[in-house]
Amino acid sequence: MSQAKFDELKGRLAEIMDLAKTAALLGWDQHVMMPPKGATIRAEQMATVGRIAHTKFTAPEVGRLLDDLRDWGAQQEYDSFEASLIRVVSRDWDKARRVPADLRAEMSRSASLANPVWVEARKNDDFASFLPVLRKNLDLRKQYIDCFEVKDEPYDIVLDDYERDMTTKQVRRIFDYLKEHQAPLVKEVAAQSDEELPTHDFGLVAQKVFEHEVVRAFGFTDDAWRLDPTVHPFASGTGITDIRITTRYFTEHMGGLFGTMHEFGHGLYERQVDDRLERTPLARGVSLGMHESQSRMWENLVGRSLPFWRRFFPRLQELQPELAPYDVEQWYREVNFVQPSLIRVEADEATYNLHIILRFELEQAMLGDEFPLEQLPEEWNRRTYEYLGIDVPNDREGVLQDVHWSGGSIGYFPTYALGNLISAQLWEKINADVPDLESSFEAGEFGPLRDWLREHLHRHGRKFTPGETLERVVGTSEIDPEPYVRYLRGKLADIYGIAATVA
C-alpha cells in the first residue's frame, strides 16, 4: 500500500514539475526570444502556470499522501530516493501551503511585467521609470514574508528561499569576516600597483568562436545544451537533458567569456543530476549558494587559472591578433587584474564579494523601510563609494545594473558570495583527491573535474540539505570563509608580490 501511495505522490509531483519547467521555458523565452510587445500576455501566462502549479502542489491530497508516507519513508535508507523525496517534499509542501495561490500568481505576474520595464530603464538610465514596478515587487515580498512566522529577522524568510536553513545573522557574520580580510587585501594590491587595465578592440565573431570551443572542452554538447545572447546572462532549462545558458558580449574586454564560463557551471550542475530524479523536486541544485559555487568555480578557479590559459591562450591569440605581443603570464595577470569597478558581473575576485555585501545590506534596508525607495540610487552610490572607493556616474552602471529586483528575487544576492566561499572549500578537497588536476587543464582535459563533481555533488540534486551536502563533500556543514581568503591571497601573492600569509 505504501509503495502505491509513493507512486501516486511521484505521479502528482511529475505533473507539477512539468508545469514548473514550462514556466522556466516561458521565462527563458521572455529573456532571449520574445518580442517586447509579448510582455503583457506573457505575464498572464506565467501567472496562470504558476497558480496552477502552486494549487496542485499545496492541495490537501498531497499533504495527506506525505502524512501517510512519513513513517514508511523513515524506514527507508536515508540516502535512498524514496526517503529523500518524502523528506524534502514534506518541507517544501509545508512552506508552500502558507502562501496563497493568488499571491504566488501575482508575484509571478509582477516579475514578468517588471522585466521589460527594467530593460528599458537600464538602457535609458531612468530609475524613475523602474521605481513603480520595484515598489510593487518589494510590497509583494513583504506580503510573502507575512505568510510566515518571523523568528528573528524578516530577511531570513526570503534568504531561506535560496539558501535553506541559512540565517541573516550567519551571513552577516561571514560577511563581517570578508570585510575584515578582503578590504585590506585590495588595499595591499593597490599599494603594489598603479597600472591601468589595458583596453582592447576584440572582434565579436572571434569571441563567439572561442567561447564555444572553451565550453565544448568543458562539456557543452549540442544535443543537450543551448547558448544564446541576452541582456543579463542566466542559466535555465526544462530538464536534465535540456540546458539553456546565456551570455553577452563586449568588444573592449573578454567579460563575456567569463560570463559564459559562469553560466556553464550552473548548467553542468543541472546536467549531471541523477536521471532517476528527473520530474521530481529533487532534480536541481540543492541551494543557490551551492549553485553559485559551481558557476564561480568554472569562471574563476578554472577559467582564470594559469594552467587553463597555458592551454587556450595560443588559440585566443590566433583569433584575436592584437594579443600577439602578449605572453601567457602577461595575459594571466590581465584577466586577474584587481581594480575596484562598478559592474558586479565584471568585478575581479578580490572585490566581487564587496559588491554582494552592498546588495545584502541594501535589501535588508529596503525590507525594513529604512529610507524612502526613491532614495535607493543615492544609498547605492554612497555604499559603493564606502566599499569600493569609486563614484557611480549613472544609475545604469549603478542601481539598475542587475536583473534580480525586477524579478522580485530579494534574498538571492548573498548566495553569490557564499558560492565563492563554498567553491574554495570544494577546491581544496578536489585537489586533494585529484592531485594532477592542473596538469589536466593544461592538457585541455576537464573530464576529471566533471567526473569528481558528478560523483560527489551533482548527482545528488536536492536529496540532502545544503549543510548535509557540504558535510558529505568536505567534512563540515559550515560555510567557512578562510579557504577562500587563503586561496585569494595566495593567488594575488604570485601575481602582485604581496605577502602570501598575514603575520
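Keep in mind that this is a model prediction, so the values were computed, not measured. All residue numbers here refer to positions counted from 1 along the written sequence of the relevant chain. In keeping with the predicted nature of the model, local features appear solely for residues at pLDDT of at least 70, side-chain atom pairs appear and are counted solely at 80 or more, and the whole-chain, interface and lining totals rest on all residues. Derived side-chain values reflect all non-hydrogen atoms in the structure, with water molecules and hydrogen atoms excluded from consideration.

1. So, the sheet that holds strand 3 (residues 242-247)
Taken together, three strands build an open sheet; the order of strands is 1-3-2 and the sheet is mixed. The sheet is open, and its two borders are formed by strand 1 (225-229) and strand 2 (235-239), each paired with just one other strand. Geometrically, the sheet is characterised by an average inter-axis angle of 20 degrees between neighbouring strands, direction not taken into account. The pairing of strand 2 with strand 3 spans four bridges and is classified as antiparallel. By the bridge assignment for strand 3, Ala 235 is matched with Ile 245. Sitting on the sheet, helix 1 (residues 2-32) touches strand 1, strand 2 and strand 3, and the angle it makes with strand 2 is about 140 degrees. Between two residues, a contact is recorded if the distance between any of their heavy atoms is within 4.5 Å. In this description, a line fitted to the C-alpha atoms serves as the axis of each element, helices being fitted only across the stretch in contact, and the angle between N-to-C directions of two axes falls anywhere from 0 to 180 degrees. Put simply, DSSP marks the helices as runs of H or I at least four residues long and the strands as runs of E at least two long, and each gets a number from the N terminus on. Relative to strand 3, helix 10 (residues 255-271) is tilted by about 165 degrees, and along the sheet it contacts strand 1, strand 2 and strand 3. DSSP bridges decide pairing: two strands pair if at least two such bridges lie between them.

2. As for the pattern of salt bridges
Every case where a carboxyl oxygen of Asp or Glu lies within 4 Å of a side-chain nitrogen of Lys or Arg is listed as a salt bridge. Under the criterion given, the structure shown has 48 salt bridges. Taking the shortest distance from any N to any O, the salt bridge between Glu 299 and Arg 296 comes out at 3.1 Å. With Glu 299 and Arg 296 both in helix 11 (residues 288-302), this residue pair falls three residues apart, about one helical turn. A single burial state applies to Glu 299 and to Arg 296, both of which are buried. For Asp 402, the salt bridge identified is with Arg 359, shortest N-O distance 2.7 Å. To sort residues, take the accessible area from a 1.4 Å probe on protein chains only and compare it with the maximum for the residue type: under 20% means buried, over 50% means exposed, and anything in between is partly exposed.

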